[in-house]
Amino acid sequence: MINLLIDGEDYRLQYRRSVEDPEGFWAGVASGFHWHRPWDKVLEWNFEKPQVRWFEGGQTNLCYNALDRHALSHGDRIALIWEPNEENEEARRWTYWELKEAVVRTAGILNDLGVQAGDRVCLYMPMVPELLWTVLACARLGAVHSVVFGGFSARSLADRIADAGAAYVVCAEQIRRGPKVLPCRAVVEEALSLLDNEQENPVRKVVVQGRPHHKEPLCSFAHTECLDWEDLWHSTLSRPEPRWMNAEDPLFILYTSGSTGKPKGVLHSTGGYMVYTAYSFAQVFRTRPGDVFWCTADIGWITGHSYLVYGPLLQGATVVMFEGIPTHPDPSRFWKICQRHRVTHFYTAPTAIRALMVYGDAPVQSVDLSSLQVLGSVGEPINEEAWLWYHRVVGGERCPVTDTWWQTETGGILIGALAGLSALKPTFAGLPLPGVQPVLLDPSGRELVSTDPPTEQEGLLAMRFPWPSILRSTWGDHERCRNTYFSPFPGYYFTGDGARRDAEGMYRIIGRVDDVINVSGHRLGTAEIENALNLHPMVVESAVVGYDHSIKGQGIYAYVILRTALKDSDQETEDRLCRELSETVVREIGAIARPDRIQLVEGLPKTRSGKIMRRFLRKIASGDTAQMGDTTTLLDPTILESILVGRKG
Ligand code: WT7
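What you see is a predicted model; the values in this text were computed from it and never measured.

(A) Spatial organisation of the site of the ligand. Residues in contact with the ligand amount to 17 residues; listed here are only the nearest, Asp403, Thr404, Thr408, Asp497 and Arg523. At a separation of 2.7 Å, a nitrogen atom of the ligand approaches a polar side-chain atom of Asp403. Considering the ligand on its own, with 550 Å² of exposed area, one finds that the protein chains cover 95% of that surface. For the shell around the ligand, a count of residues per class yields six nonpolar, six polar and five charged.

And the structure:
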């Protein structure tokens, strides 16, 4: 393992150095990697454009740094432990040497297909080892991966394939998720038909993994060739060497939701992402050789990219990858996996903790969790009850809980406790990592300066200096990147989150201040869900808001105006229609966006200029209806009363 931590210095010293001499600080961290060619300049940046360039002139390869380098110096160390969906199936293990071999062979498959550096490869797969191999194989060849979470619909997949212009898709026959077996190749086929009809199909080749019995024939399209992974695996003779990429060459695209429009492709680049994911992994989790790190996220999300694949492997750690879900075959599955693989570092989302808390302490206490040393939380605010339970029951009061705040766009953890070093405060993500410069802004964009003596302050969370893995652009639309993140407050990267800072400088993230909601740690735009609902022929208009949900964090509440009013008495018709509306959303986006509550309304609270006053809708959805506040700006305040009467909850 490379030592990316500046040892012997305490946090404050390290932090100060990172602010006073950022270039020196990051050059020191970056020198822990193999560079085929050294960089000429550490950093060039301009948030107005925006343009950020780290390690310009340097050439490296993430796959080389994550695998080859370790294979050469400690090739027999376990790199990957894969736990299958079914408990009675054997887990599989790869040493660094073996994992490198598997990835080189996968790169051989891609190479034979014609994949070149810069080509986009879309991955739509379950949590099988082949997914991780393909991600790293793309990095080896310099191809840009775009992983689409296996829960997204054919429509969502099609949009992402078209936007990225992916000429290659790697998928699986099926997806095993707990007790369910879901189609995977069939969804890809549907996506390709959609794109064929729209004459927008960029895909030339599809590889299908996981067809041991070859029962069904592979799909056939006019311009798209479908191939079997197994055949290619056995026939490939090429063993590609890592291709040296420029530090600013794109590494991957990952789509994420915003407050408007379709999801955008967040673009990360090679050198900065490599440096920051490894650095933040080392800083926050502080693993030692022999430790076993398990991040429960799917590789389809940024957490899986940064802390299941890249961060830990770059650091030479041993990672666990799990195909299934926490409750299959029973709610002790997570804990049994921790016991079986002697997991030392466990990283999961509050929604999983809350879902498992419901079953009480018994499923946790039935297993031996003495191997655990550090617990992590990510993706959404963790409420105090969940934090305390995680600490007491899962961690036996001996493991620090680090709540890590970051985003798809930040590439890695920006705020979070350094395990075992930082003070812990339940529900607070804590202090920024050295190298990260957060500020709180007031609505007019002025920085809230610390008072003397310091007091608690609340504002909009922004960053005033770049870190190496800040997003470089949104794929195909740089203007959108500027408008979303850099224009709201000139000179800053705006996160979209509100936060509180206590007298010690610790941050507590309150949540999104835009029209983005966080459902079970998954980010969704309310506009996206509204667009899906509006496709139903009966719908005139809709408005979607989030509300507090005891397990998911936020639930999805949809208000829908119909073309023709349903008769009051006809409950059955109403129920059927609501089911149809739900299905429309699932078909358009995927099951993660299924509304929890749908209320049919006659109108929406609008201002005279026609703007929907979501504030009222959020209050009603949350059941916080005692004080509605000032309704005088509404065109028709009586609408609120009728909505209140029909409230679902
Ligand atoms: C949004 C980013 C970071 C990987 C997973 C989500 C929320 C994330 C925390 C946390 C409170 C958090 C924010 C952020 N969020 N981590 N520890 N405490 N909120 O990535 O899908 O890009 O979502 O998730 O609102 O903006 P993402």
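(B) Region of interest: the packing of aromatic side chains. Summed over the entire model, instances satisfying the criterion amount to 45 aromatic pairs. Taken together, a centroid distance of 5.6 Å and an interplanar angle of 40° make the contact between Trp54 and Phe55 tilted. No difference in accessibility class separates Trp54 from Phe55, as the two residues are buried. Taken together, Phe25, Trp26, Trp35, Trp39, Trp54, Phe55, Tyr276 and Tyr279 form an aromatic cluster joined through their ring pairs. Just above the ring of Trp233 sits the side chain of Arg105; from NZ or CZ to the centre is 5.0 Å. Lying over the aromatic face of Phe152, Arg160 brings its terminal NZ or CZ to 4.3 Å of the ring centre.

(C) Inspection of the sheet that holds strand β22 (residues 457-463) at higher detail. Strand order across the open sheet formed by four strands is β21-β22-β24-β25, with antiparallel pairing between neighbours. A strand with exactly one partner marks an edge of an open sheet, and here the two such strands are β21 (438-441) and β25 (507-512). Taking each pair of neighbouring strands and ignoring which way they run, the sheet shows an average axis angle of 45°.

(D) Molecular detail of the sheet that holds strand β20 (residues 401-404). Taken in spatial order, the seven strands make up an open sheet running β5-β4-β17-β16-β18-β19-β20, and their pairing is mixed. Each edge of the sheet is formed by a strand with only one pairing partner; in this case those strands are β5 (92-95) and β20. Here the average twist between neighbouring strands, direction ignored, is 20°. This element, helix α9 (residues 270-285), spans β16 (292-295), β18 (345-348), β19 (374-378) and β20 of the sheet and lies at about 145° to β20.

(E) Representation of the pattern of salt bridges within the structure. In this structure the tally under the stated criterion is 38 salt bridges. A network of salt bridges, in which partner residues are shared, links Glu173, Arg185, Glu189, Arg211 and Asp228.

(F) Expanded view of the environment of Ala164. Mapped onto the secondary structure, Ala164 falls in helix α6 (residues 154-164). In the structure, Ala164 is positioned 257 residues away from Leu421 in sequence and 42 Å away in space, judged by C-alpha atoms. With residues up to four places along the chain from it excluded, the contact list for Ala164 reads Arg120, Ile253, Tyr255 and Trp475.

(G) Inspection of helix α1 (residues 11-20) at higher detail. Listing the buried residues of α1 in full gives Gln14, Tyr15 and Ser18. Angularly, the buried residues of α1 cover 100° about the axis, an arc narrow enough to put them on a single face. Pointing more than 90 degrees away from the buried face of α1 are the exposed residues Arg12 and Glu20. Buried residues belonging to α1 abut α2 (22-30), α9 and β21.

(H) View of the nonpolar core. Of all hydrophobic cores here, the largest spans 109 residues; its most connected members are Trp26, Phe55, Leu99, Leu132, Trp133, Leu136 and Tyr310. Core analysis: the next-biggest nonpolar cluster, separate from the first, contains 47 residues, Ala154, Ile175, Leu562 and Ile598 among them.

(I) Structural context of the pairing of strand β1 (residues 41-46). Here β1 runs beside strand β2 (residues 51-56); their pairing, made up of five bridges, is antiparallel. If you follow Asn46 over to β2, its bridge partner there is Gln51. Hairpin connection, β1 to β2: the antiparallel pair is bridged by four residues.

(J) Structural context of the pairing of strand β6 (residues 120-124). For β6, the buried fraction is high: four of the five residues fall into the buried class. Here four bridges tie β6 to strand β7 (residues 144-147), and the two strands are oriented parallel to one another. Each bridged residue has a counterpart across the sheet, and for Leu123 the counterpart in β7 is Val147. For the crossover that starts at β6, traverses helix α5 (residues 129-141) and ends in the parallel β7, the hand is right-handed. Here four bridges tie β6 to strand β8 (residues 168-172), and the two strands are oriented parallel to one another. Directly across from Cys122, in β8, lies its bridge partner Val169.

(K) Spatial organisation of the packing of α9 against helix α10 (residues 302-314). It is at 8 Å that the axes of α9 and α10 come closest, and there the two elements cross at 85°. Taken together, the axes of α9 and α10 are roughly perpendicular relative to one another. Residue-level contacts link Tyr273, Met274, Thr277, Ala278, Ser280 and Phe281 of α9 to His305, Ser306, Tyr307, Tyr310, Gly311, Pro312 and Leu314 of α10. Split by residue class, the contact of α9 with α10 holds eight nonpolar, five polar and no charged.

(L) Region of interest: the confidence of the model for the protein. For the protein, mean pLDDT is 95; residues scoring 70 or higher make up 98% of the total. Averaged over each element, pLDDT in the protein is lowest for helix α19 (residues 638-645) (93) and highest for α5 (99).

(M) Just the environment of Pro350, in detail. Tracing the chain through its elements places Pro350 in helix α12 (residues 350-357). What makes Pro350 buried here is its relative accessible area of 0%. In this structure, the C-alpha to C-alpha distance between Pro350 and Leu431, residues 81 residues apart in sequence, is 19 Å. In contact with Pro350, other than residues within four places in its own chain, are Ser377, Val378, Glu380, Pro381 and Ile382.

(N) Highlighting unusual backbone geometry. With an omega of -15°, the peptide bond between Lys49 and Pro50 qualifies as cis. Within the secondary structure, Pro50 sits in the loop between β1 and β2. Here the bond from Asp452 into Pro453 is cis, since omega is -5°, no more than 30 degrees from zero. Relative to the helices and strands, Pro453 resides in the loop between β21 and β22.

Calculation criteria
- Residues numbered from 1 in each chain as written.
- Predicted model: local features only at pLDDT ≥ 70, side-chain atom pairs only at ≥ 80, totals over all residues.
- Heavy atoms only, no water.
- Near = heavy atom within 4 Å.
- Polar contact = N/O pair within 3.5 Å; in protein donor to acceptor, adjacent residues only side chain to side chain.
- Areas by Shrake-Rupley, 256 points an atom, 1.4 Å probe, with all protein chains shown as cover.
- Nonpolar A, V, L, I, M, F, W, Y, C, P; charged D, E, K, R; others polar.
- Phe/Tyr/Trp six-rings, centres within 6.5 Å; stacked < 30°, edge-to-face > 60°.
- Buried < 20%, exposed > 50% of the residue type's maximum accessible area, 1.4 Å probe, protein only.
- Lys NZ or Arg CZ within 6 Å of the ring centre and 35° of its normal.
- Pairing = 2+ DSSP bridges.
- Helix = DSSP H or I, 4+ residues; strand = E, 2+ residues; numbered from the N terminus.
- Axes fitted to C-alpha atoms, helices over the stretch in contact; angles between N-to-C directions.
- Contact = heavy atoms within 4.5 Å.
- Salt bridge = Lys/Arg side-chain N within 4 Å of Asp/Glu carboxyl O.
- Arc of directions from axis to C-beta.
- Core = buried A, V, L, I, M, F, W, Y, C linked by side-chain atoms within 4.5 Å.
- Right-handed = clockwise from strand over helix to strand, strands pointing away.
- Parallel < 35°, antiparallel > 145°, perpendicular 65-115°, else oblique.
- pLDDT = per-residue confidence, 0-100.

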